[in-house]
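# Notes for the structure review
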Amino acid sequence: MGDQRVILISANWKMHLNNVEALSLVQQFAAHLSASPIPPGREVSIHPPFTSLATVKAAIETYRLPVVLGAQTCHFADSGAYTGEVSAGMLASLNVRYVIAGHSELRAQCGETDEVVRDKVSAIYRHAMRPILCVGETTAERNSGVAERKVRRQVASALGDRPAELVAAAVIAYEPLWAIGAGVTATPDDAAQMCTAIRNELGNLAGVDEAAMVRIQYGGSVTAESSGALLGAENVDGFLVGGASLDAEQFSTIVTG
Ligand code: PEP
């Protein structure tokens, strides 16, 4: 665990919950937090679908929840003829603080390349928000011994040749593809090994001091049962949580446990 780094635990709701259901989940989460507050040194972000961003923003304000708003992606352009897309500037105007970039589902299902991810990260920084850059390897890549090389390449592609302070402001989510939505969690040792490799790569890109400021999350079937041991792993500074973040009680336990 990073000693000076604030832990960041992020809820990725993916394409779940309509506007009414989103409000209900935030209300349930607020009730849990009033009984068991978020400990100091932890930050929480909630990433609903675009259609519920304004509702969740209003609920955070109404219930004075100590959490920040996040988004699941954005377009790389600031405006233009991109039907159906949402720009980083639009998200910033809703007080979004963190935007996920390069989630493996978008890389796989929407052909999001390393180049597109880099451009999205640039758009996020242009609008004074912070990227949560997702990186991770497939089972085949792990078995053939190229996992670390691939993850380092993804980090360098998105963050290389940027001012050191922007690298320091990034959040990286190490999400092995074999663990996402699979009910299989990486061991704390597996997570520590890759998160340490990521920090070393960040050191190469921006210097050791800046690398030490970056929060590195683990993501992939995190549950209330697995979160404690994973948070104790070296260089793991929080989580990107999918399925378990849709259950207010379980997500509250991950956040406060
Ligand atoms: C994710 O989609 O980022 C994720 C980690 O999902 P899950 O927790 O469901 O594996």
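One can find the structure itself at the top, above this paragraph.
Let me sum up the structure you'll find in this document. Since the model is a prediction, treat every value here as computed from it, not as a measurement.

As a further point, take the packing of helix α1 (residues 19–35) against helix α12 (residues 248–256). Where α1 meets α12, the axes come as close as 9 Å, and the angle between the chain directions of the two elements is 45°. Here α1 lies oblique to α12, going by the angle between them. Taken as a pair, α1 and α12 cross one another with a handedness that is right-handed. The segment α1 lies against α12, with L25, Q28, F29, H32 and L33 engaging A248, E249, F251, S252, V255 and T256. Here the residues of the contact of α1 with α12 sort into six nonpolar, four polar and one charged.

In the vicinity of the ligand lie 14 residues, with K14, H103, E175, G181 and S221 positioned nearest. Between an oxygen atom of the ligand and a main-chain N or O atom of G181, the distance comes to 2.6 Å. Here an oxygen atom of the ligand sits 2.8 Å away from a polar atom, N or O, in the main chain of G242. Isolated, the ligand exposes 300 Å² of accessible area, and the fraction of that covered by the protein chains is 96%. For the shell around the ligand, the class distribution of residues is four nonpolar, eight polar and two charged.

Before going further, it helps to spend a moment on empty space enclosed by the protein. This model, assessed by the stated rule, comprises one cavity of 30 Å³ or more. One number sums up the size of the largest cavity: a volume of about 50 Å³. Every element with two or more residues in the lining of the largest cavity is listed here: α1 and α12. It is α1 that provides the largest number of residues to the lining of the largest cavity, a total of three residues. Class assignment of the residues belonging to the lining of the largest cavity gives a composition of eight nonpolar, one polar and no charged.

About the criteria used
- Residues numbered from 1 in each chain as written.
- Predicted model: local features only at pLDDT ≥ 70, side-chain atom pairs only at ≥ 80, totals over all residues.
- Heavy atoms only, no water.
- Axes fitted to C-alpha atoms, helices over the stretch in contact; angles between N-to-C directions.
- Helix = DSSP H or I, 4+ residues; strand = E, 2+ residues; numbered from the N terminus.
- Parallel < 35°, antiparallel > 145°, perpendicular 65-115°, else oblique.
- Left-handed = near helix turned anticlockwise from the far one by under 90°.
- Contact = heavy atoms within 4.5 Å.
- Nonpolar A, V, L, I, M, F, W, Y, C, P; charged D, E, K, R; others polar.
- Near = heavy atom within 4 Å.
- Polar contact = N/O pair within 3.5 Å; in protein donor to acceptor, adjacent residues only side chain to side chain.
- Areas by Shrake-Rupley, 256 points an atom, 1.4 Å probe, with all protein chains shown as cover.
- 1 Å grid on protein atoms, 1.4 Å probe; cavity = no way out; pocket = protein on both sides within 12 Å on 5 of 7 lines; lining within 4 Å.
- Points joined across faces, edges and corners; volume = space filled by probe spheres on them.

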